[in-house]
Amino acid sequence: MKKIIASLAAVVFAAGLVGAQDFAGITEIYNNGAASLTAGDKAGALASFEEALEKATALGEEGKDIVENCKNIIPNINLSIAKDFIKASDYDSAIQKLVAVLEIAKNFGAEDILAEAEGLIPQVKMQKGNGLLKENPAAAAEIYKEIIDADATNGMAALRLGQALGASGDSDGAVAAFEQAAANGQEKMALKQLSTLFLKKASAALKSKSFGDAVTAALKANEYLANPQALQIAGQASQLAGKNNDAIKYFTQYLEAAPDAKNAGQIAYTVGALYQGAKNIEKAKEFYQKAASDPKYGAEAQKLLNSLK
């Protein structure tokens, strides 16, 4: 705004004899706008410049300098007012004002103001959506959808949409949004979110004894992002479903992924028991040996090792 005020001070108007009185009146209105702007009264300044523009336009050739200066100043003031709304976290007013700025900037040929306003609108909507995400995820989701409808490549909006939909219970919609985010510059965070989402599904399915669904969801979680916990759930679900070969496979993968896990000894003991049940004595001994130093399962593992010699 300092640049605008400086330019106002440098403007000198020369009036001819014809229409001098009208010109003087318009100049006074214009100068009132400059004074209001200097005093920080943006609304008052805007009203004065808009009035000066209207009257100077009617004056024709005599008023062209005032018209030109008003057309330069008015988009800037409107944009500045919109930014004040943003600073005050009044996002609805800011968006409404920015939409008005777009029209004004187009009409006045203010390309730089137009570009800045276009860039600010999705940013303000993101801020509004982020503010609603925890308390009202459904409302936040609608805002993120607006952003994506305007720009399908906005990966951050897609990521936030996935979070909002997930919190609202729409897991299928969340998956689609996260995948869109991953395809548009947010791969790391999106894959993490997808892995977490399917891990929760796997855990819930295991708890409800839907063992097949638990395995499917767990493997999907591990597919999006390597996750030892998902492999453990896949092993548990397979074992409970009586699919011991699958249980051995997933538990073995778990131990490879998390060899220092607190329950590594327990899992190794379980794998040893599964191999023993399958009459694969050498493999059973291998995994009992891995469990031999476990404080809880070590003594029993050692006893079984001794019995298998």
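Please refer to the structure higher up on the page.
The structure presented is a predicted model; accordingly, all values stated were derived computationally and were not measured.

### Describing the overall build of the protein
For the protein, the helix and strand inventory stands at 16 helices and zero strands. Relative to the compact-globule value of 19 Å for 309 residues, the protein shows a C-alpha radius of gyration of 34 Å, a clear excess of over 25%. By the burial criterion, 42% of the 309 residues in the protein qualify as buried. For the protein, the share of sequence-separated contacts (at least 6 apart) that also reach a separation of at least 24 residues comes to 45%.

### Points about unusual backbone geometry
Positive phi outside glycine occurs at K209, with the angle close to 65 degrees. Locating K209 in the fold gives a position in the loop between α10 (187-207) and α11 (211-224). For K209, a relative accessible area of 64% translates into the label exposed.

### Remarks on the packing of helix α7 (residues 137-150) against helix α8 (residues 155-168)
Two quantities define a packed helix pair, namely the angle between the helix axes and the distance between the axes. Where α7 meets α8, the closest approach of the two axes is 8 Å, and the angle between their N-to-C directions is 150 degrees. On the basis of the axis angle, α7 is roughly antiparallel to α8. Crossing angle aside, the handedness with which α7 passes α8 is left-handed. Facing P137, A138, A140, A141, Y144, K145, I147 and I148 of α7, the residues of α8 in contact are A157, A158, R160, L161, A164, L165, A167 and S168. Of the residues in the contact of α7 with α8, the class split is 13 nonpolar, one polar and two charged.

### Let's talk about helix α12 (residues 228-240)
For α12, with 13 residues, the first-to-last C-alpha span of 19 Å sits near the 18 Å given by 1.5 Å per residue. The secondary structure elements touched by the buried residues of α12 are α10, α11 and α13 (244-257). With a side-chain oxygen positioned 3.0 Å from the backbone nitrogen of Q229, the residue opening α12 is N227. The first or second residue beyond α12 is G242, which carries a positive phi of 80 degrees.

### Looking at the environment of P228
When you line up the elements, P228 lands in helix α12. Under the relative-accessibility criterion, P228 is labelled partly exposed at 26%. Note: C-alpha distance between P228 and A218 (ten residues apart in sequence) is 9.8 Å. Not counting chain neighbours up to four residues away, the residues in contact with P228 comprise Y254, A257 and A258.

### Focus on the environment of L161
In this fold, L161 is placed in helix α8. For the pair L161 and A174, spaced 13 residues apart in sequence, the C-alpha to C-alpha distance is 7.1 Å. Setting aside chain neighbours within four positions, we find L161 in contact with A141, Y144, K145, I148 and A177.

### With respect to the nonpolar core
Y144, L161, F178 and F198 are the most contacted members of the largest nonpolar core, which totals 38 residues. Elements with a minimum of two residues in this core: α7, α8, α9 (171-182), α10, α11 and α12. Here the element with the most residues in this core is α10; it accounts for eight residues. Setting aside its immediate chain neighbours within four residues, Y144 contacts M126, G129, N130, L133, A157, R160, L161 and A164. Among the nonpolar cores identified, the runner-up in size contains 22 residues, and A247, I248, Y254 and F287 belong to it.

### Section: the pattern of salt bridges
By the definition in use, this model includes eleven salt bridges. As a salt-bridge pair, E286 and K283 come within 3.3 Å of each other at their nearest N and O atoms. With E286 and K283 both in helix α15 (residues 281-291) and three residues apart, this pair spans about one turn of that helix. Overall, the relative accessible area of 34% leaves E286 in the partly exposed class.

### A short note on the packing of aromatic side chains
Counted under the stated rule, the structure contains five aromatic pairs. The interplanar angle of 40 degrees and the centroid separation of 5.5 Å between the aromatic rings of Y269 and Y297 together place this pair among those described as tilted. With Y269 in helix α14 (residues 264-277) and Y297 in the loop between α15 and α16 (298-307), the pair connects residues that are 28 residues apart, well separated along the chain. The rings of Y269, Y288 and Y297 are connected pair by pair, giving a single aromatic cluster. Directly above the aromatic system of F287 lies the positively charged group of K290, at a separation of 5.6 Å from the ring centroid.

### Re α10
With 21 residues, α10 extends 30 Å between its outermost C-alpha atoms, agreeing within 8% with the 30 Å of an ideal straight helix rising 1.5 Å per residue. Turning to α10, its buried residues are A190, L194, S195, L197, F198, L199, A202, A205 and L206. Contact partners of the buried residues in α10: α8, α9, α11 and α12. One or two positions beyond α10, positive phi appears at K209, with a value near 65 degrees.

The rules behind the values
- Each chain carries its own residue numbering, running from 1 in the direction its sequence is written.
- For a predicted model such as this one, the threshold for reporting local features is a pLDDT of at least 70, and the threshold for listing and counting side-chain atom pairs is 80 or more; totals across whole chains, interfaces and linings nevertheless cover every residue.
- Hydrogens and water molecules were not included; the side-chain quantities draw on all heavy atoms of the structure.
- Counting from the N terminus, the helices are the DSSP runs of H or I reaching at least four residues and the strands are the DSSP runs of E reaching at least two.
- All radius of gyration figures rest on C-alpha atoms, and the globule criterion is 2.2 Å times the number of residues raised to 0.38.
- Only protein chains enter the accessibility calculation, which uses a 1.4 Å probe. A residue is then buried if its area is under 20% of the maximum for its type, exposed if over 50%, and partly exposed in between.
- By definition, residues are in contact when any of their heavy atoms lie within 4.5 Å.
- Orientation is described by lines fitted to C-alpha atoms, with helices fitted over the stretch in contact, and by angles between N-to-C directions that extend from 0 to 180 degrees.
- Angles are sorted into four bins: roughly parallel if under 35 degrees, roughly antiparallel if over 145, roughly perpendicular if 65 to 115, and oblique for all others.
- Left-handed describes a crossing whose near helix is turned anticlockwise from the far helix by less than a right angle; the clockwise case is right-handed.
- Asp, Glu, Lys and Arg are counted as charged, while Ala, Val, Leu, Ile, Met, Phe, Trp, Tyr, Cys and Pro are counted as nonpolar; the rest, among them Gly, fall into the polar class.
- What a helix should span is 1.5 Å times the count of its residues minus one.
- Counting of polar contacts relies on pairs of N or O atoms within 3.5 Å, with two restrictions inside protein: one atom must be capable of donating a hydrogen and the other of accepting it, and residues adjacent in sequence are counted only when both atoms are side-chain atoms.
- The definition of a nonpolar core used throughout is a set of buried Ala, Val, Leu, Ile, Met, Phe, Trp, Tyr and Cys residues joined through side-chain atoms within 4.5 Å.
- Salt bridges are defined by distance alone: a side-chain nitrogen of Lys or Arg within 4 Å of a carboxyl oxygen of Asp or Glu.
- Here a pair means two rings of Phe, Tyr or Trp (six-membered ring of Trp) with centres within 6.5 Å. Their orientation is stacked below 30 degrees between planes, edge-to-face above 60, and tilted elsewhere.
- Only lysine NZ and arginine CZ atoms are considered, and such an atom sits over a ring when it is within 6 Å of the ring centre and within 35 degrees of the ring normal.

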